[in-house]
Amino acid sequence: MAQLTTPAPAPARRRTVRWWRGAVLLLAGVYFVVPLAASFWFSVDDPQGISFEAYTGLLSAPGFLDSLWLTLGLAVVTVLVLLVLLVPALIAVRLGSPKLRPVIDVLCTLPLVVPPVALTAGLIGVLRWGPDYLMDTPFFQTFVFIQDPDFPLVLVIAYVLMALPLAYRALDAGLRSVDVRTLVEAARNCGASWPRAVFTVVLPNLRGALLNASFLTLALVLGEFTAASILGFQPFPVWIYSVGNSQAHMSVAVSILSLLLTWLLLLLLATVGRERRHKPATS
């Protein structure tokens, strides 16, 4: 008769791992919270006491809302352009030309080795070249249109190039976790057309990757300063810098709100992705 043995107690290693995990999270929290708290204290500190004038006067500050809406608009357009360019290209490469994946990888990650200053200098060179050689052609109006101060599309071009490696890595990671070929073939066998197979079968399985790419692009646009400043436009980061030259407290207050806005958008995108992922299918 076999002798019954009691299960061995759980090793103490798990408790140690959990303890170190909590310590790392605590240190990370302190690393982020302490500078944020110090910045907040600086923004409300006043020789006469605590004052929230830096926050209450934001809405009436000249250029605040205009620069904020401009940056959000540029971010939305940049996200749409990146997704329209990358998603069909990556799906087509995986389905029809797998040998082109290394080429796409090199092209999409190439902007990482180009500093923003050099990229902006190249854009300035092209913008200066256009009026000299295209003055008598219809393309001259295109150069004028993309430099419209109300909505400078030239910044969208710069942001797309800067965010291309980030968005590509996020989408590529999502595609690696999904068997795109099998999903498309199954949808095609059920009678779905190619566009319907992509939109109703492939894209829902890439929701997390799409949200990650969108957030990374949004975060980059909300914090990008170099290209907009050199090109002479004033989106939100440039406005913060200009305000900081005359109103330091308001500049720090706006920076804190900008950081909180980025975190809020991250939580919103994560919540939307989680709710849709766990949403029960209806018959």
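Reading the values: rules and limits
- Residues numbered from 1 in each chain as written.
- Predicted model: local features only at pLDDT ≥ 70, side-chain atom pairs only at ≥ 80, totals over all residues.
- Heavy atoms only, no water.
- Helix = DSSP H or I, 4+ residues; strand = E, 2+ residues; numbered from the N terminus.
- Buried < 20%, exposed > 50% of the residue type's maximum accessible area, 1.4 Å probe, protein only.
- Contact = heavy atoms within 4.5 Å.
- Areas by Shrake-Rupley, 256 points an atom, 1.4 Å probe, with all protein chains shown as cover.
- Phe/Tyr/Trp six-rings, centres within 6.5 Å; stacked < 30°, edge-to-face > 60°.
- Core = buried A, V, L, I, M, F, W, Y, C linked by side-chain atoms within 4.5 Å.
- Polar contact = N/O pair within 3.5 Å; in protein donor to acceptor, adjacent residues only side chain to side chain.
- Expected span 1.5 Å × (residues − 1).
- Arc of directions from axis to C-beta.
- Patch = residues over 30% accessible without salt bridge, like charges linked within 9 Å, V, L, I, M, F, W, Y side chains within 5 Å.
- Salt bridge = Lys/Arg side-chain N within 4 Å of Asp/Glu carboxyl O.
- Axes fitted to C-alpha atoms, helices over the stretch in contact; angles between N-to-C directions.
- pLDDT = per-residue confidence, 0-100.

Could you give an account of the overall build of the protein, naming the residues involved and the relevant values?
Counting its secondary structure elements, the protein contains 13 helices and 0 strands. Going residue by residue from the N terminus, the α and β elements of the protein occur as α-α-α-α-α-α-α-α-α-α-α-α-α. When burial is assessed residue by residue, the protein has 34% of its 283 residues classed as buried. Counting contacts in the protein only where the partners sit at least 6 residues apart, residues at least 24 apart contribute 75% of the total. Surface summary for the protein: the accessible area is close to 18,300 Å², and the carbon and sulfur share equals 67%.

Would you mind going over the packing of aromatic side chains in detail, with residue names and values included?
Centre-to-centre distance and the angle between the planes together describe a pair of aromatic rings. A complete count under the given rule lists 5 aromatic pairs for this structure. Each ring, one from Tyr31 and one from Phe32, has its centre 5.4 Å from the other, and the planes form 85°; the classification is edge-to-face. Classification of Tyr31 as exposed rests on a relative accessible area of 62%. Given the relative accessible area of 51%, Phe32 is considered exposed. Taken together, Phe64, Phe236 and Trp239 form an aromatic cluster joined through their ring pairs.

Before we move on, could you go through the environment of Leu155 and cite the residues and values that matter?
With respect to the helices and strands, Leu155 occurs in helix α7 (residues 153-176). Separated by 76 residues in sequence, Leu155 and Leu231 have C-alpha atoms that sit 8.4 Å apart. With residues up to four places along the chain from it excluded, the contact list for Leu155 reads Leu74, Ala227, Ala228, Leu231, Phe233 and Pro235.

So what's going on with the nonpolar core? Residues and values would help.
Ranked by internal contacts, the top residues of the largest apolar core, which has 50 residues, are Leu86, Ile91, Leu171 and Val180. Top contributing element to this core by residue count: α7, with 14 residues. Not counting chain neighbours up to four residues away, the residues in contact with Val180 comprise Ile91, Arg94, Leu95, Leu175 and Val202.

Help me get a handle on the side chain of Thr217, residues and values and all.
Mapped onto the elements, Thr217 comes out in helix α10 (residues 207-223). We classify Thr217 as buried; its relative accessible area is 1%. A distance of 2.9 Å separates the side chain of Thr217 from the backbone oxygen of Ala213, its partner in a polar contact. With near-sequence residues (within four places) excluded, Thr217 lies in contact with Thr78, Val79, Leu82, Ala163 and Ala167.

Mind laying out helix α9 (residues 194-205), listing which residues take part and the relevant values?
Its 12 residues place the ends of α9 16 Å apart at the C-alpha level, agreeing with the 16 Å of an ideal helix rising 1.5 Å per residue. When we look at burial in α9, the residues that qualify are Ala197, Val198, Val202 and Leu203. All buried residues of α9 fall inside an arc of 145° around its axis, so they share one side. Relative to its buried face, α9 has exposed residues pointing more than 90 degrees away, namely Arg196 and Phe199.

Please give an account of a nonpolar patch on the surface that cites residues and values.
A grouping of Tyr31, Phe32, Val33, Leu257, Leu259, Leu260 and Trp263 is seen on the molecular surface, where their side chains present a nonpolar patch of about 690 Å² in accessible area. Sort the elements by how many residues they give to the nonpolar patch and helix α13 (residues 248-277) lands first, with 4 residues. Within the secondary structure layout, Trp263 lies in helix α13.

So what's going on with the environment of Gly130? Residues and values would help.
Tracing the sequence through the fold places Gly130 in helix α5 (residues 116-133). Look at Gly130 and you get buried, because its relative accessible area is 0%. Considered as a pair, Gly130 and Val144 are 14 residues apart in the sequence and their alpha carbons are 9.5 Å apart. For Gly130, the residues in contact, after removing those within four places along its chain, are Met135 and Phe143.

So what about the packing of helix α4 (residues 101-109) against α7? Which residues, and what values?
Interaxial distance between α4 and α7 falls to 8 Å at its minimum, and their mutual angle equals 145°. Where α4 approaches α7, its residues Arg101, Ile104, Asp105, Leu107, Cys108 and Thr109 are matched on the opposing element by Leu164, Pro165, Tyr168, Arg169 and Arg176.

Just give me the short version of the confidence of the model for the protein, but keep the residues and values in it.
Per-chain confidence: the protein averages 80 in pLDDT, with 89% of residues scoring 70 or above. Summarising per-element confidence for the protein, the mean pLDDT is lowest in α13 (74) and highest in α7 (90).

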